[in-house]
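# Report on the structure
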Amino acid sequence: MKKIGKIIIIVLIILLILMCIVGLIIYSLPLTKNYTTKLGYVVEVPFFSQVEDKMDHIKDNGTNEIIFIKSYQEYNSDDMEKMLAKGLKKYETENEVYYYNEKENYTISINEKNDRKIEFRVFAYDRYKVVTEDDAFDRNPMRFRFGYPLIRSDESGLVNVYDNIYKYNLSKIQFTYSFPNGGDYLQNLKDIFQYKYYSIDEFISFYDSLVEINYGEKEETSDYILYKPKKREIPRYIEIDYSILICNNKYIFGDENLEYNESLCK
């Protein structure tokens, strides 16, 4: 009996050793699998891992999701980030890292990384591009002067403001001006040009810079040039809500819905 007991113990020890060896082999193998998110995108994750996926109804009306991965293999959070980011465009801000899949048109935002755990968001659109545009706007040296106008619409039609400067269906349009000796004050369009706080060329130059970073759009024909704020499905934290129509040596300021009309340019 003692002999049989010893054999059983030896067999159990051998089995335990084999299980440990097999476990170590499995743990260290570079195995991955494709995981399909709730939004239908495919991302690479460790084969032996825990994946939790939930729709994020807080931001952007549930068009993105939060995914948590815990690896049970020799993959740490940096390894998993490399899997997710393979072949994607990277953009890093002060607080977050973004990766954009141009082919599938989705963006990954890394929220947290810790040991073998990673949490990230999948956005169902080009959040990457929006972040780069917002950063470019923040760095624009002219944005404080022209970025936050006070505008109010009405049905007053075309009104001459100063020389060849007009406003159309606006009861109010004001821009901030910083005086050299200190103080920021809202100035109406007439005072801006009458007292030469800003020139019309500065307004146009600023709008050209908005067009370059996709904050504005420019429509140009042989008869007119129309600058308008860019309307997109993805909301920005700031809107440029005025337009400028240039035609027949007139500079016409209107709201974001301003369109070319031959009668305005006569």
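Scroll up to find the structure this text is about.
Residues numbered from 1 in each chain as written. Predicted model: local features only at pLDDT ≥ 70, side-chain atom pairs only at ≥ 80, totals over all residues. Heavy atoms only, no water.

### Some details on the pairing of strand β1 (residues 32–36)
Every regular strand shows the same layout, with side chains that alternate between the two sheet faces. The sheet contact formed by β1 and strand β2 (residues 42–46) spans 5 bridges and is antiparallel. Among the inter-strand pairings, T32 is bridged to a residue of β2, identified as P46. Here β1 folds back onto β2 in antiparallel fashion, the turn holding 5 residues, of which G40 has a positive phi close to 95°. (Pairing = 2+ DSSP bridges. Helix = DSSP H or I, 4+ residues; strand = E, 2+ residues; numbered from the N terminus.)

### Considerations on the packing of aromatic side chains
One pair of aromatic rings is described through two measures. These are the centre distance and the angle between the planes. Under the counting rule described, the total for this entry stands at 20 aromatic pairs. Here the aromatic rings of F47 and F48 are separated by 5.0 Å at their centres, their planes lie at 70°, and the arrangement is edge-to-face. Residue F48 is classed as partly exposed on the basis of its relative accessible area, which comes to 32%. Consider the rings of F123 and Y125, whose centres lie 6.3 Å apart with planes at 40°: the pair is tilted. For the pair shown, F123 and Y125 are each scored as buried. The ring of F47 has K33 lying over it, and the distance from NZ or CZ to the ring centre is 5.8 Å. Over the ring of F123 we find R127, and its NZ or CZ is 4.3 Å from the ring centre. (Phe/Tyr/Trp six-rings, centres within 6.5 Å; stacked < 30°, edge-to-face > 60°. Buried < 20%, exposed > 50% of the residue type's maximum accessible area, 1.4 Å probe, protein only. Lys NZ or Arg CZ within 6 Å of the ring centre and 35° of its normal.)

### Remarks on the pairing of strand β4 (residues 64–71)
A large share of β4 lies buried, amounting to 6 of its 8 residues. With 7 bridges connecting them, β4 and strand β8 (residues 117–123) associate as antiparallel partners. In the sheet register, I69 faces β8, and the bridge partner there is I118.

### Brief notes about the state of the cysteines
The full count for this structure, using the stated rule, is 1 disulfide. In this model C247 forms its disulfide with C265; the gap between the sulfur atoms is 1.9 Å. Taking the torsion about the sulfur-sulfur bond, which here is approximately -85°, the covalent link between C247 and C265 counts as left-handed. Of this pair, C247 sits in strand β14 (residues 242–247) while C265 sits in the segment after β15 (250–255); the two residues are 18 residues apart in sequence, bridging distant segments of the chain. (Disulfide = S-S within 2.5 Å.)

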